[in-house]
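Each chain is listed here by its residues.
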Amino acid sequence: TVFLEGTRDCAVRNCWFDAVGGNAVFINDYNRNATVTGCKFTETGDSAVCLVGTLGTTNGTRRAFPYECTVSNNLIHDCGIFGKQIAGVYISRAKRITAAHNTIYNMPRAGICIGDGTWGGHVIEFNHIYDTVRETGDHGPFNAWGRERFWSLTQSHSDYSVSRSLEAGDVKIDAMEPVILRNNFFED
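About the cut-offs
Residue positions are given per chain, counting from 1 as you read along its sequence in written order. This being a predicted model, a pLDDT of at least 70 is required before a residue's local features are given, and a value of 80 or more before pairs of side-chain atoms are given or counted; all residues contribute to the totals for chains, interfaces and linings. Side-chain numbers come from the whole structure's heavy atoms, not from hydrogens or water. A carboxyl oxygen of Asp or Glu within 4 Å of a side-chain nitrogen of Lys or Arg is what we treat as a salt bridge. Strands here are runs of E lasting at least two residues and helices are runs of H or I lasting at least four, both read from the DSSP assignment and numbered beginning at the N terminus. For every residue, the accessible area obtained with a 1.4 Å probe (protein chains only) is divided by the maximum for its type, and the residue is called buried under 20%, exposed over 50%, and partly exposed between those limits. Note on pairing: two strands pair once DSSP finds at least 2 bridges between them. Throughout, an axis means a line fitted to C-alpha atoms (over the contacting stretch in the case of helices), and angles, computed between N-to-C directions, take values from 0 to 180 degrees. Here, nonpolar core refers to any group of buried Ala, Val, Leu, Ile, Met, Phe, Trp, Tyr and Cys residues whose side-chain atoms link them within 4.5 Å. Nonpolar side chains (Val, Leu, Ile, Met, Phe, Trp, Tyr) within 5 Å and like charges within 9 Å form the patches, drawn only from residues with over 30% relative accessible area and no salt bridge. Here the Shrake-Rupley method, with its probe set to 1.4 Å, supplies the accessible areas, and only the displayed protein chains count as covering residues. What qualifies as a polar contact is a pair of N or O atoms within 3.5 Å, subject to a donor-acceptor requirement within protein and to the restriction that residues adjacent in sequence count only when both atoms come from side chains. Two residues form a contact once any of their heavy atoms are found within 4.5 Å.

Once that is clear, we can look at the pattern of salt bridges. Scanning the model with the defined rule gives 5 salt bridges in all. A salt bridge links R96 to E177, with the shortest nitrogen-to-oxygen separation between them at 2.8 Å. Highlighted residues: R96 in the loop between β11 (87-92) and β12 (98-100) and E177 in the loop between α1 (153-157) and β18 (180-182), separated in sequence by 81 residues. The class for R96 is partly exposed, based on a relative accessible area of 30%. E125 serves as the salt-bridge partner of R182, at 2.6 Å between the closest nitrogen and oxygen. Taken together, the positions of R182 in strand β18 and E125 in strand β15 (residues 123-125) put the pair 57 residues apart, joining distant regions of the chain. Judged by its relative accessible area of 14%, E125 is buried. One network of salt bridges, with partners in common, ties together E68, K95, R96 and E177.

Given below as structure tokens:
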């Protein structure tokens, strides 16, 4: 419904996204200091808020990823009407994102998900997340995963009885800063 790309200091405030067919707010590629606050997201087709960069253009001078953005004080529930691999707040290939003071419930998958080549520096705090993973069974209220440069499909998806260990490499190339989770209330 709202698509941000190439912005600085833009905000989505006090909006109600009700029964939109796809993602409600998508913060795509280059965005700096975007804010989504005080909004209500109900029965979205996919995720409520996505912050996603493009892998091929995140390096070099373009830096096409969301950076220092905030998703706070939102009510997010009953999302994922069509898509099931969704999250209330989805962060991928982004840096220094804050998700704070959100209430997220009745979700088919995770409430907040960080994944796929994310450099860190995120702060996830004071969120109340419950009744999640109601349709997929493979996550939790908070989920984090990655496909950084040392990730191996064979290693992560092979039979666990088969020992195929790979070198971990320098994981700090991708996870540059720690992700902080504090003062969240996860239940059910």
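So, next bit.
We now examine the sheet that holds strand β13 (residues 103-105). Pairing within the open sheet is parallel, and its 6 strands lie in the order β3-β6-β10-β13-β16-β19. Looking at which strands have only one partner, the edges of the open sheet turn out to be β3 (16-18) and β19 (185-187). Pairwise comparison of adjacent strand axes, ignoring direction, gives a mean angle of 5 degrees for this sheet. The sheet contact formed by strand β6 (residues 40-42) and strand β10 (residues 75-77) spans 3 bridges and is parallel. Its bridge partner being in β10, K40 is matched across the sheet by L75.

This part takes up the nonpolar core. Grouped together as the largest cluster of nonpolar side chains are 30 residues, with contacts concentrated most on F41, L51 and V89. Those elements that provide at least two residues to this core are β4 (25-32), β7 (49-52), β11 and β14 (110-115). A87, Y90, A110 and C113 belong to the second-largest nonpolar core, a separate cluster that totals 6 residues.

Residues V179, L181 and F186 make up a contiguous nonpolar surface patch of about 220 Å² in total accessible area. Counting through the fold element by element, F186 comes out in strand β19. F186 sits in the partly exposed class, given a relative accessible area of 33%.

This brings us to the pairing of β7. On a regular strand, each side chain points to the face opposite its neighbour's, so the side chains alternate between the two faces of the sheet. Because side chains alternate across β7, one face comprises the buried residues V49 and L51, and the other comprises C50 and V52, equally buried. By the bridge criterion, 4 bridges tie β4 to β7 in an arrangement that is parallel. Following the sheet pairing, N28 is matched in β7 by V52. Bridge analysis of β7 against β11 gives 4 bridges, and the strand direction is parallel.

Our next topic: the side chain of N106. Residue placement: N106 occurs in the loop between β13 and β14. Looking at N106, its side chain comes within polar contact range of the side chain of R134, at 2.9 Å. Beyond its immediate stretch of four places on either side in the chain, N106 contacts H77, D78, C79, Y130, D131 and R134.

Considering the arrangement of structural elements, one finds T37 in strand β5 (residues 35-37). T37 gets classed as buried once you look at its relative accessible area, which sits at 17%. Setting aside chain neighbours within four positions, we find T37 in contact with V12, R13, N14, S72, N73 and N74.

From the geometry alone we can't say anything about function, so treat these as descriptive.
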